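Below are the chains, spelled out letter by letter.
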Amino acid sequence: MANSLPVLRIGKYSPRYPLIQGGMGVRISGPSLAGAVASAGGIGTIASVGLAVASDVYDGRNYFEANQIVLKKDVEEARKSSGGGIIAVNAMVALTDYDLHVRAACEGGADMIISGAGLPLRLPELTREFPHVALVPIVSSTKAASLIIRRWEKLYGRLPDAFVVETPLYAGGHLGVTKMEHVMDEALSLESVIPGLVRYLDEEVGEDIPVIGAGGIWDRGDMDKVFSLGARGVQMGTRFASTLEGDADIRFKQALIDAREEDVVIIKSPVGIPGRALRSPFVEKYLEGTVESKPCFANCLSHCSYRTDRQAFCIAEALVDAVRGNWEEGLFFCGSNVARITRMEPVEEIFRDLFGQE
């Protein structure tokens, strides 16, 4: 089965299988999951957001410093269990300390930076001392990819090593669009965006930049469909969230296992963009307008409606509650396929299901 797969090469890195495990925060995709995915032949990804809070390094005052320390440790830990595989870090542009996340990931030894939740227009500048680190923006349209390319070429004389195209139709967590009505816009489907982006990169840019499809990827049929559109890789998040090696509390994983299709809702995040999540008691209260938030513990986002005018809630606290398995007070981000999770399976089993036996 593996013989029919496209070859995915991102910078100097080429995984055995053309699959990236999506970055899921807070602490859903940490060193255990990333290392296991890398060892199995994919690209394992650590989500850099909020790591300090779920650690013993944070003392209530040193959030930004602690986050860097933990991220470096996480990359090192994932490397030890990766079997020589590829370790990426997902860093959100929307973070106040985005520059520090990128720097810590590079200093910690990450092979790749995957960056979305905004356009990573300065990413080459932040990584200029680490030329071996591959740079992969996440986009939802050819227009966004074109803007990044023009800016990078003009200011830094380089191009992205790949693009992840994430569709808001099925993806989990923050959906990369600014308006609720864009979430189900078919113009932002993988079927619409990937062929156009591949054509643009080939005909107008004239460079061999691979495109990776993300959002709603579950089985080999989904993967083959994305490959048929011209993508050379896929990114998969939700299916890995409840694996045995996943870094979240077992109660978080059980919440995903118990989820039904009708439990998935779209909310307006304090970040200012839509997000897909489970209808937990916390989310139910938010939708009803009666939610009470825990206080903001750090200026962690460049834009946050809770910090500026006390609308919505502290998303960092809600995500930390989720990763700790607090069903009553947690925000449980997920993709549209969450109802297909029925048990905690090992990472290797997912790879066997997707790629067969070698």
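The structure this text deals with has already been given above.
Only a predicted model underlies this, so the values are computations on that prediction, with no experimental measurement involved.

Visitor: I keep staring at the packing of aromatic side chains and nothing clicks. Help me out?
Guide: Two aromatic rings, taken as a pair, are described by how far apart their centres are and by the angle between their planes. Under the definition given, this model contains 8 aromatic pairs. Judged by centre distance (6.1 Å) and plane angle (85°), the rings of Tyr 58 and Tyr 63 are edge-to-face. By the burial criterion, Tyr 58 is buried, and Tyr 63 matches it. Ring geometry for Tyr 63 versus Phe 64: centroids 5.3 Å apart, planes at 80°, classification edge-to-face. Assessed through its relative accessible area of 30%, Phe 64 is described here as partly exposed.

Visitor: I would appreciate a short explanation of the pairing of strand S4 (residues 112-116) in the present structure.
Guide: Consecutive side chains of a regular strand alternate in pointing toward one face of the sheet and then the other. Burial within S4 is extensive, with 5 of its 5 residues counted as buried. Neither face of S4 is left uncovered, since the one carrying Met 112, Ile 114 and Gly 116 and the one carrying Ile 113 and Ser 115 both have all their residues buried. Looking at chain direction, strand S3 (residues 86-92) and S4 are connected through 5 bridges and run parallel. Bridging across to S4, Ala 91 finds its partner in Ser 115. In this region the chain leaves S3, passes through helix H3 (residues 98-108) and returns to the parallel neighbour S4; the handedness of that crossover is right-handed. Here S4 runs beside strand S5 (residues 134-139); their pairing, made up of 4 bridges, is parallel. In the strand pairing of S5, Ser 115 is matched with Pro 137.

Visitor: I'm lost on the sheet that holds strand S10 (residues 264-268) in this one. Help?
Guide: Hydrogen bonds between backbone groups are what pair the strands of a sheet, and the pairing can be parallel or antiparallel. Strand order in the open sheet formed by 3 strands is S7-S11-S10, with antiparallel pairing between adjacent strands. The strands lining the two open edges of the sheet, one partner per strand, are strand S7 (173-174) and S10. Where S7 and strand S11 (residues 274-278) come together, 2 bridges link them in antiparallel fashion. If you follow His 174 over to S11, its bridge partner there is Gly 275. Docked against the sheet, helix H10 (residues 281-288) engages S10 and S11, running at close to 50° with respect to S10.

Procedures and definitions
- Each chain carries its own residue numbering, running from 1 in the direction its sequence is written.
- Residue-level local features of this predicted model are given only where pLDDT is at least 70; pairs of side-chain atoms are given and counted only at 80 or more, and the full residue set underlies all totals for whole chains, interfaces and linings.
- For the side-chain quantities, the full set of heavy atoms in the structure was used; hydrogens and water were omitted.
- Each aromatic pair joins two rings of Phe, Tyr and Trp (for Trp, the six-membered one) with centres within 6.5 Å, and gets the label stacked for planes under 30 degrees apart, edge-to-face for over 60, and tilted for any other angle.
- Working definition: with a 1.4 Å probe on protein chains only, accessible area under 20% of the residue-type maximum means buried, over 50% means exposed, and in between means partly exposed.
- The secondary structure listing takes helices from DSSP runs of H or I that are at least 4 residues long and strands from runs of E that are at least 2 residues long, numbered from the N terminus.
- Following DSSP output, two strands are said to pair if at least two bridges run between them.
- Every crossover in which the path from the first strand over the helix to the second runs clockwise, viewed with the strands pointing away from the viewer, is termed right-handed.
- Any two residues whose heavy atoms approach within 4.5 Å at even a single point are treated as in contact.
- Convention adopted: a line fitted to C-alpha atoms gives each axis, helices being fitted over their contacting stretch, and angles between N-to-C directions are expressed from 0 to 180 degrees.

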